[in-house]
Structure formats: C-alpha cells, structure tokens
Amino acid sequence: MIRDLSLIPGVGPKNLKTFKRHGISNTYDLVTNLPKKYENFSLVDVENLKHLEEATIIGLISAPFYTVKKRVVLTTTTLLVQDKVVKLLIFGRDYISKEFSLNDKVIVKGKYNMFKNEINVTYISKKIDTPNIQPKYQIEHISDRTIQKMIEYVFSNNLVDVFETLPTKFIEHEKLMHRKTAILTMHFPKNETDLEIAQYRFKVEEAFFHLMKYHLSMPPKLKRTPLSYDIGWVKEQISLLPYQMTLDQQEAVNDCFRDFKSDYSMYRLIQGDVGTGKTFVTFIAALGAISAGYQVAFLAPTEILARQHYENFNKHFGHLPSALLTSSLKDKKETMNRLNSNDVNIVFGTHILSSESVIFDKLGLVVIDEQHKFGVETRESLIKKSVTGDTIYLSATPIPRSLSLTYFGSLEVSNIKQKPVNTPPIESYLLDDKDISKIIAALKVAGQNNEQSFIVVPAISKGNKSHSIHSVFSILEPHFNPDNFYVIHGQLKYEEIELIMDRFMQNPKGILLSTTIIEVGIDVKNASTIIIMGADNFGLSQLHQLRGRVGRGSIPGKCYFVSSKKDVERLNFLLQTTDGFLLSQYDLKLRGPGVFSSIIQSGYTKFEYLDLNTDLKLLQGIVKDVKYYVEHIEKYPYLKKRIFKSNVI
C-alpha cells in the first residue's frame, strides 16, 4: 500500500514540489529516503572530555556574554557543568546574547581544547531533550524534525507497507535486522549501536544485490555435446610455429581443450602478465574449434587492437580463411556475406560483431579481449550467436584470487605468468616531475636510434591533475621536430585516432603523447621508451600495463615513472618488481578492490553503504549464498525483479 503525500498533515503544495525535486512522490518514497548523515548528541561526562574531540555537554550559562567584532565576530561566555566551568567560544553569531540569559540550562556541542579548557561551539540550544542522534535529510526548506514527524505519522497511521527484499533464510543466516525495523531505526535511532546494526543491514543488502546482478549478468554454462576437435590437425598447426610455448601457455591450452571435451560450454578467463602470450593461447583454442567445424569470433575493444590480432593470426596461420570486421571498413557487406556462408573460419572485430546484421553460419567459440571494456549487452549479444556457448575472456590485468572467487562465479581461471625466455627486460627508472631535461634527453636518444617513444599522461586538460595532454605538449613540443610528434586522446574521433596511430607506427622516430588509451594491447615492436607522467595517479597494475607497451620486439625497453617525491616508496617497489600478479596483490592491499572497479563493478558506479575498499570480506562472506540464489533465481521472482532495478533502498 502506497499513499499520496497530501494525506500527511502539513504537507501542502510547496512541500510536495520540494519532495518531487528529490524524487519523493508518495509515502513509500518518503520512508525509504533515508538520512544522508547523522549528528551525534550523545552526552559526555565533563571529566571525560578529550582534547580536540567533538563532545556534547549540558550545563548552566554562568557568565555574561561578551562579544568582540574584529575580522570575525566572537562571543564568549562560560558554562557550569556539575562543579566545573568550561569557556564557550561562539563565532559569527552576535545575536546569541539575545536568545540566551544567565543561568539558562543549555545543551552545547563543539570541539574541546583541553589546554585552554574551552569549547568551540557548533550547536547550542535550550532544548535539552534533544535526541542523542539526529538524522540529517538535507532537503532544503523542510526541517529534519518536520520530516521525522511526517515519517512518524505515516507509520502510526499505516499509510505505507514495507516489504522484505531479502530471503528469510539469508536474513537469519546473516543475523540481519528486518527491513522495516532497519528503516525505522535509521529514521529514529536510539543509540549508535542500533544505528550501526541498521546501516549494516543495508550494506549487506547492497552487497547481496550487487553480487546477484553481477553473477546473473555472466552467461550460464550451457549443456552441449562435447566438441569433436581434430587434435592431430591442431598439433600439426602448432608444429609449424617458429618457437616453443611456455609451460604456462601449454597448461592454459590444455585447460581450453579439456573444456571442449566437457558436456557444458566453456566459460574461461585467461589472465596473464604483460607479454606472456595470452592471445596466442586463444589462437590455439580457436584452431580446436575450427577443426570441429565451428567458426570463431574474436571481439576486441578498439579497431587498432582488432587489426593487430588479425595480423598476428595471419602471420602464423595465414593459410586459414580469416577476416577483419570493424565499423569503419568499407567492405563490411562482403565480409558479412562470407561469415554467413561459412567462408571465414575466424573473424576479428569490434562491437559490430554483436549487431543483428552480423549473422554467422556456425559460430562456436567467442573470445572477448578485456571484457570490462564492453557493456553486458554487447557481450551477451555476441555469445548468444554461438551454437555451443563456448566463451573465453582475456584480461591483461591479473585479478587477485580473492576477488576472482568473489566476482566470477562459475568462471574457470587460467593464469599465465611465465614470459618467453628471449623476452628482453624493461629497464625502469624513477624521475622527479621537475626533471624535464632528463625526459627530453631520453626521448632524443630514442629518436637518434630510430626507436619510437610513448608519453602517457593521466588527463586531457589540467583540472586537478598535475600533468595533462595540454600542459605536457606545451613543454615538450618545442624540443622536437613536429613531424615526429603525435597526440591522441579519448576526445578525438576514432577515425582520427586510427589515422594518427598509423602515421606514428610508420615513423621510426615517432613520439606519441597519449592518455591511457594505449594501455591495453598496443604492439609496437620498434617502441623502446615510455615516459609515464604523473605516475602517482595510477595503480601499480596499470603502471605495469603501461610499462609493457615497450620492449615488445628485439629492442630492450626503458620506462620512466615521473612523479613527485611523495610517491617514492610505492614506485620504488614497482622498479624492483616485474610480476603483474604480485603487483595486483599490492594494489588490493594499498588501494582496495576499488582499483579493479572497472573490471568488477558491472554497471554499478556508486554505493550508499558498501565500500569496495573496505568490505571485501563482507562480499566474500556472502558469495556462497549469492551463488545459491542465482542458481535458483526462478524460485525467487521478487529477487529477479529487484536486481535489475537501480541499486536503491
């Protein structure tokens, strides 16, 4: 039962208009519009006042008010609390002496200075029956107390029904407050303990629906006939390769072929450090699907990356029919016809692969590179085209095991840590952000050696970042031949980025100034130097990813982390460590799960109560229950309905 707000005494047209601006249209909206914050008026014994801590005390005004008007208005008096006198400082309120008199009993709140025995007053009132904890709704022109009275009237007169959103068994298992009780407690908290219990209820609720939505967005494993791949033919293709796969690569390949033998579709994440050959593993898995008579679709987040994968595949397996399909290509129709008639074994492309206009004859394996770069709908639309449902996700940002177990449900994980033996090490250096001359020198040396360079910055315009495209360009551009200096960033159209990248890659002396748009997968064999400006703005894993853009050919790479001296300890650790898995663990400890939010949040960008930086254990604690309800979601239609609404109370 939901009633109109006009049934509440005192709610007229003006209040209705104000409530509507805040998304409050009925009694249910009103009671579920929980306080934004709380002011604590719990009383402190005068003997327990602590230096520079806020405290609330009750006493008698024991001295005349004295006001001084200089740069600011300061009014002073004293308060007799039991047998102790405390001085009161009241700034900017010279009218205070007219509202209070000697011997008035008042409640006072403010920060206490022990050495001066004085309180800097933030609140003073004669209403000493003030509740210990006062909700703050932050709705303009309507007082907090008025809103409380309205909510009290709604509940007292049964003008709203509040239904439970969590399963009863889950509430009992987690020992949570019931939803109606929690809502009442949030509006009328008796003490801090009760308030914390109510807030915890809503934190768990947020965590529950966040994980439910995430796990439900992952495609389920489908029962299917095991793939009859031709292992002899696959081995024959592998034998043509000019180098030996690492043991980790071999194990990841074996994982994929074991999945092909299963009665259920493959659902696997292959994650690995920079330069460990994850993509190559998927090429071998693709050979297995092709030998079984299926087509393969390889989805990449950018056209540059899609073309790069296409060219790498053809370099090794050019005898197999393959295609490139992106929005900017002119011969799209011809490529689509070839896919529809099964004249193409494997296609590399961008989001266009998910569109209804692209029809496969017999799609089997779907490979999604950097899955978090795509929306759920894009991924699902492509996977639904597969007759087998076999799916491989690739990630160059290793996810710590604790996070992958929490977020990836039934997704199997293959880790590739080993790098090819002949991979040259990347020399890493730390520079102060004032060492512009050293940055210029490093770039000039690379140019003299006919080697390309990257400069990466955290922002396009200055804003609150110390380094930006505009500021760095203005400093460096005068020192270099403009024909060798290139700039790309996310505000350019893709056609412009593609054109600039092509020119840069054709220029052996090229210098590319960019945002992190080059972070994933860009493979420039001749690039030897990368300068990362404002390195303190990036996580360790992201810095490691960027470092991996150089040294990808026979030329040793050099990486310069440019930052203020404040960030030396963290960056020194990066200089000594080349293990991306270890760095991801440190990111988890230093910055919390939020540093991986682009990978794990799946559409949620803001929480009211849940904090990914501090609540990982909570998420881990309920993930088993979440998996149960995901598997039995049809028994809980109210859960399904709520999950795909916005994450509000």
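Use the structure listed above.
Predicted model only: the values in this text are computed from it and were never measured. Residue indices begin from 1 for each chain and proceed along its sequence in written order. Residues qualify for local features only when their pLDDT is at least 70, as the model is predicted, and side-chain atom pairs are given and counted only at 80 or more; totals for whole chains, interfaces and linings, by contrast, use all residues. Hydrogens are left out, water is left out, and the side-chain values use all remaining heavy atoms of the structure.

Peer 1: So what exactly am I meant to see when it comes to the overall build of the chain here?
Peer 2: A count of helices and strands for the chain gives 23 helices and 21 strands. Across its three principal axes, the chain shows a C-alpha extent of roughly 95 × 65 × 45 Å. Counting all 649 residues of the chain, 52% fall into the buried class. Taking contacts inside the chain between residues at least 6 apart in sequence as the whole, the part at least 24 apart equals 71%. In this description, accessible areas are obtained by the Shrake-Rupley approach with a 1.4 Å probe, and a residue is regarded as covered only by the protein chains that are shown. Counting every atom, the chain has about 31,200 Å² of accessible surface; 50% of that belongs to carbon and sulfur. Only four residue types enter the charge count, namely Lys and Arg as positive and Asp and Glu as negative; His and the chain termini do not. The atom standing in for a charge is NZ when the residue is Lys, CZ when it is Arg, CG when it is Asp and CD when it is Glu. Averaging the coordinates of the 81 positive side-chain charges in the chain and doing the same for the 70 negative ones gives two points 4 Å apart. For the purposes of this entry, the term helix denotes a DSSP run of H or I that reaches at least four residues, the term strand denotes a run of E that reaches at least two, and both are numbered from the N terminus. Each residue gets one of three labels from its accessible area relative to the maximum for its type: buried under 20%, exposed over 50%, partly exposed in between, using a 1.4 Å probe on protein chains only. The contact rule is simple, with two residues in contact once any of their heavy atoms fall within 4.5 Å.

Peer 1: What is the right way to look at the packing of aromatic side chains in this model?
Peer 2: In this description, a pair of aromatic rings is defined by centroid distance and the angle of the planes. What counts as a ring pair is set by centres within 6.5 Å for rings of Phe, Tyr and Trp (its six-membered ring), and what kind of pair is set by the plane angle: stacked under 30 degrees, edge-to-face over 60, tilted for all other angles. Following the criterion strictly, the structure yields 27 aromatic pairs and no others. Ring centres of F41 and Y123 lie 4.7 Å apart, and the angle between their planes is 65°; on these two criteria the pair is classed as edge-to-face. With F41 in the loop between β1 (37-40) and β2 (54-61) and Y123 in strand β7 (residues 118-125), this pair connects stretches of sequence that are 82 residues apart. According to the relative accessible area criterion, F41 is buried, its value standing at 1%. On the basis of an interplanar angle of 80° and a centroid distance of 5.1 Å, the ring pair of Y629 and Y636 is categorised as edge-to-face. In terms of burial, Y629 and Y636 fall into one category: buried. Three or more aromatic residues link up through ring pairs in this structure, and these residues are Y243, F280, F283, F298, Y310, F313, F317 and F348. Here, a charge over a ring means that NZ of Lys or CZ of Arg falls within 6 Å of the ring centre while also lying within 35 degrees of the ring normal. Sitting above the plane of the F480 ring, K444 keeps its charged end 6.0 Å from the centroid. When the ring centre of F209 is taken as origin, the NZ or CZ atom of R642, which lies over that ring, is 5.5 Å away.

Peer 1: Mind showing me how you'd approach the sheet that holds strand β17 (residues 452-456) here?
Peer 2: Across a sheet, strands are paired by hydrogen bonds formed along the backbone, either parallel or antiparallel in direction. Spatial ordering of the open sheet is given by β16-β21-β20-β17-β19-β18, a layout of six strands whose pairing is parallel. Only two strands of the sheet have a single neighbouring strand rather than two, namely β16 (426-432) and β18 (485-488). The sheet shows a mean angle of 15° between the axes of neighbouring strands, direction not considered. Criterion used throughout: strands pair if DSSP finds at least two bridges between them. Where β18 and strand β19 (residues 511-514) come together, four bridges link them in parallel fashion. Its bridge partner lying in β19, F485 is registered against I511. Note on definitions: angles span 0 to 180 degrees between N-to-C directions of axes, and those axes are lines fitted to C-alpha atoms, for helices only across the stretch in contact. The strands touched by helix α16 (residues 469-476) within the sheet are β17, β18 and β19, with β18 carrying the most contacts at an inclination of about 175°. The strands touched by helix α19 (residues 568-576) are β16 and β21 (557-563); relative to β16, the strand with the most contacts, the crossing angle is about 165°.

Peer 1: Sorry if this is basic, but what is going on with the packing of helix α7 (residues 192-217) against helix α22 (residues 616-631) here?
Peer 2: Packed helices, taken two at a time, are described by their axes: the angle between them and the distance between them. Where α7 meets α22, the axes come as close as 9 Å, and the angle between the chain directions of the two elements is 55°. By the angle between their directions, the pair α7 and α22 is classed as oblique. Crossing handedness for the pair α7 and α22: right-handed. Where α7 approaches α22, its residues Y200, K203, V204, A207, F208, H210, L211, M212, H215 and L216 are matched on the opposing element by L618, L619, I622, V623, V626, K627, Y629 and V630. Looking at side-chain class alone, the contact of α7 with α22 contains 14 nonpolar, two polar and two charged residues. An angle below 35 degrees is read as roughly parallel, one above 145 as roughly antiparallel, one from 65 to 115 as roughly perpendicular, and any other as oblique. By convention, the crossing between two helices is left-handed when the near helix turns anticlockwise from the far helix through less than a right angle, and right-handed when the turn is clockwise. Side-chain classes are defined by residue name, with Ala, Val, Leu, Ile, Met, Phe, Trp, Tyr, Cys and Pro counting as nonpolar, Asp, Glu, Lys and Arg as charged, and the others, Gly among them, as polar.

Peer 1: Would you explain unusual backbone geometry in this entry?
Peer 2: Trans is the prevailing form of peptide bonds, just as negative phi is the prevailing case for residues other than glycine. Although it is not a glycine, N103 adopts a positive phi angle of roughly 75°. Looking at the secondary structure, you find N103 in the loop between α3 (96-99) and β6 (105-113). The exposure class assigned to N103 is exposed, which follows from its relative accessible area of 56%. With a phi close to 50°, N158 is a non-glycine residue in the positive phi region. Among the structural elements, N158 can be located in the loop between α4 (144-156) and α5 (168-174).

Peer 1: Sorry if this is basic, but what is going on with the side chain of S453 here?
Peer 2: With respect to the helices and strands, the residue S453 is situated in strand β17. Apart from the residues within four sequence positions on either side, S453 is in contact with L443, A446, F504, G510, I511, L512 and T529.

Peer 1: For this particular structure, what's the right way to read the nonpolar core?
Peer 2: Residues belong to a common nonpolar core when they are buried Ala, Val, Leu, Ile, Met, Phe, Trp, Tyr or Cys residues joined through side-chain atoms within 4.5 Å. If you look at the biggest cluster of nonpolar residues, it comprises 40 residues, and the most contacted ones within it are I284, F317, L365 and I392. Mapped by element, the contributors of at least two residues to this core are α9 (247-261), α10 (278-291), β10 (295-299), α11 (303-317), β12 (346-349), β13 (363-369) and β14 (391-395). Broken down by element, this core gets its largest block of residues, nine residues, from α10. Those residues in contact with I392, other than ones at most four positions away along the chain, are C256, M266, R268, I270, T282, A285, L365, V366, V367 and I368. Of all hydrophobic cores here, the second largest spans 30 residues; its members include L34, I139, I151 and F202.

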